[in-house]
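# Understanding the architecture of this molecule
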Amino acid sequence: MLRMTQNDGELDSLVRKRIRALRVAQGWSLEELASRARLSQSTLSRIENGQRRLALDSLVTLARALDTTLDQLVETASDDVVVSPMIDAAHGLMRWPVKGDPGMSVVRQRMTEPPPDDPARMRAHPGREWLVVLSGTAILMLGHRRFRVETNQAAEFPTMLPHAIGTEGGPCEILGIFDRDARRGHQRPDAGAGDSGGDGPRA
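Residues numbered from 1 in each chain as written. Predicted model: local features only at pLDDT ≥ 70, side-chain atom pairs only at ≥ 80, totals over all residues. Heavy atoms only, no water.

### Notes on the nonpolar core
Val15, Ile19, Leu33, Leu44, Leu59, Leu62 and Leu73 are the most contacted members of the largest nonpolar core, which has 16 residues in total. Secondary structure elements with two or more residues in this core: helix 1 (8–26), helix 2 (30–36), helix 3 (41–49) and helix 4 (56–65). By residue number, the principal contributor to this core is helix 4, which donates four residues. Beyond its immediate stretch of four places on either side in the chain, Leu73 contacts Val15, Arg18, Ile19, Leu22, Leu59, Ala63 and Thr68. Judged by nonpolar contacts, the second largest core, of twelve residues, contains Leu131, Leu140, Val149 and Ala155. (Core = buried A, V, L, I, M, F, W, Y, C linked by side-chain atoms within 4.5 Å. Buried < 20%, exposed > 50% of the residue type's maximum accessible area, 1.4 Å probe, protein only. Helix = DSSP H or I, 4+ residues; strand = E, 2+ residues; numbered from the N terminus. Contact = heavy atoms within 4.5 Å.)

Okay, structure coming up:
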């Protein structure tokens with residue numbers, strides 16, 4: 001049986017509600033999820049309704065059938081829900097790590113210069129980036145193309161394409177999400193990231 005390490009009754013109830021919520025979100029009946037998890041419909045019904053003890057083997061198969069993991073299925077909120085940013089005042093930058101995925105970072109940066117005219121200053125590295133313009137207008141240079149990204153518009157692109165980000169018509173603020181590879185690309189000593197008119201926020 002699954003041994004609960006926190007408040008047993010509270011966690012037990014949470015897991016049961018989460019199983020049902022994930023099933024409903026998928027639009028699946030009890031019968032369909034039971035079939036996917038190779039459980040009987042009555043067993044699944046009793047699990048959701050609290051009439052059957054939570055067994056580890058059943059939770060593993062249910063997690064797999066619901067396209068999640070056992071850890072996520074039994075996860076509870078930690079005490080450190082609120083996270084303060086690391087601040088790089090020299091580059092007008094704030095960065096937050098994503099605890100659920102240690103390879104990801106969220107970065108907010110104020111930019112004041114247009115993107116570079118020299119293609120040699122554009123960078124390429126593995127990964128993907130997603131950014132939204134919080135205020136002002138950003139210019140994204142991507143390969144041989146130029147994109148104008150207005151306030152509240154977002155852009156997502158593979159960073160293997162040479163790229164650079166700057167402003168148009170005054171300062172702008174952007175919020176970017178970087179996967180592990182993109183973050184490493186921006187942390188390289190030669191990347192020049194974080195400089196206005198460079199290849200984007202220092203992740």
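### Comments concerning unusual backbone geometry
Of note in the backbone geometry, Asp67 takes a positive phi value of approximately 60° without being a glycine. Following the sequence through the fold, Asp67 ends up in the loop between helix 4 and helix 5 (70–73). Positive phi outside glycine occurs at Asn152, with the angle close to 75°. Positionally, Asn152 belongs in the loop between strand 6 (145–149) and strand 7 (154–158).

### Description of the sheet that holds strand 6
Taken together, three strands build an open sheet; the order of strands is 6-5-8 and the sheet is antiparallel. Pairing within the sheet leaves two strands with one partner each, and these edge strands are strand 6 and strand 8 (163–167). Here the average twist between neighbouring strands, direction ignored, is 20°. The pairing of strand 5 (residues 138–142) with strand 8 spans five bridges and is antiparallel. From the neighbouring strand, Ile139 faces strand 8, where its bridge partner is Gly166. (Pairing = 2+ DSSP bridges. Axes fitted to C-alpha atoms, helices over the stretch in contact; angles between N-to-C directions.)

### Some details on the pairing of strand 5
The element strand 5 is largely enclosed, with a buried count of five among its five residues. Here strand 5 shows two buried faces, one formed by Ala138, Leu140 and Leu142 and the other by Ile139 and Met141. With five bridges joining them, strand 5 and strand 6 adopt antiparallel strand pairing. Bridged to Met141 within strand 6 is Arg146. Connecting the antiparallel pair strand 5 and strand 6 is a turn made up of two residues, with Gly143 showing a positive phi of about 60°.

### A few points about the layout of surface pockets
Left-over empty space is what a probe sized like a water molecule reveals as it rolls over the atoms. The computed volume of the largest pocket comes to approximately 170 Å³. Together, Pro114, Pro115, Pro116, Asp117, Pro119, Met122, Met141, Gly143, His144, Arg146 and Pro162 line the largest pocket. Each residue belonging to the lining of the largest pocket can be placed in one class, and the counts come to seven nonpolar, two polar and two charged. (1 Å grid on protein atoms, 1.4 Å probe; cavity = no way out; pocket = protein on both sides within 12 Å on 5 of 7 lines; lining within 4 Å. Points joined across faces, edges and corners; volume = space filled by probe spheres on them. Nonpolar A, V, L, I, M, F, W, Y, C, P; charged D, E, K, R; others polar.)

### Notes on the sheet that holds strand 3 (residues 105–111)
Taken together, the six strands give an open sheet; going across it, the order is 1-2-3-9-4-7, and neighbouring strands pair in antiparallel fashion. One side of each edge strand has no neighbouring strand; the edge strands of this open sheet are strand 1 (86–88) and strand 7. Neighbour to neighbour, the strand axes of the sheet diverge by 20° on average, direction disregarded. Across five bridges, strand 2 (residues 93–97) lies against strand 3 in antiparallel orientation. The residue of strand 3 that forms the bridge with Leu93 is Gln109.

### Digging into helix 4
The α-helix advances 3.6 residues per turn, and as a result positions three or four apart in sequence lie on the same side. For helix 4, the full list of buried residues reads Ser58, Leu59, Leu62, Ala63 and Ala65. The buried residues of helix 4 occupy an angular sector of 160° when the element is viewed end-on, so they sit on one face. Facing away from the buried surface of helix 4 by more than 90 degrees, the exposed residues are Asp57 and Arg64. Looking at the residues trailing helix 4, positive phi occurs at Asp67, about 60°. (Arc of directions from axis to C-beta.)

### Points about the environment of Ala155
Examined against the element boundaries, Ala155 turns out to sit in strand 7. We classify Ala155 as buried; its relative accessible area is 13%. In sequence terms Ala155 and Trp130 are 25 residues apart; their C-alpha atoms lie 5.7 Å from each other. Setting aside residues no more than four positions away along its own chain, Ala155 makes contact with Glu129, Trp130, Leu131, Leu140 and Val149.

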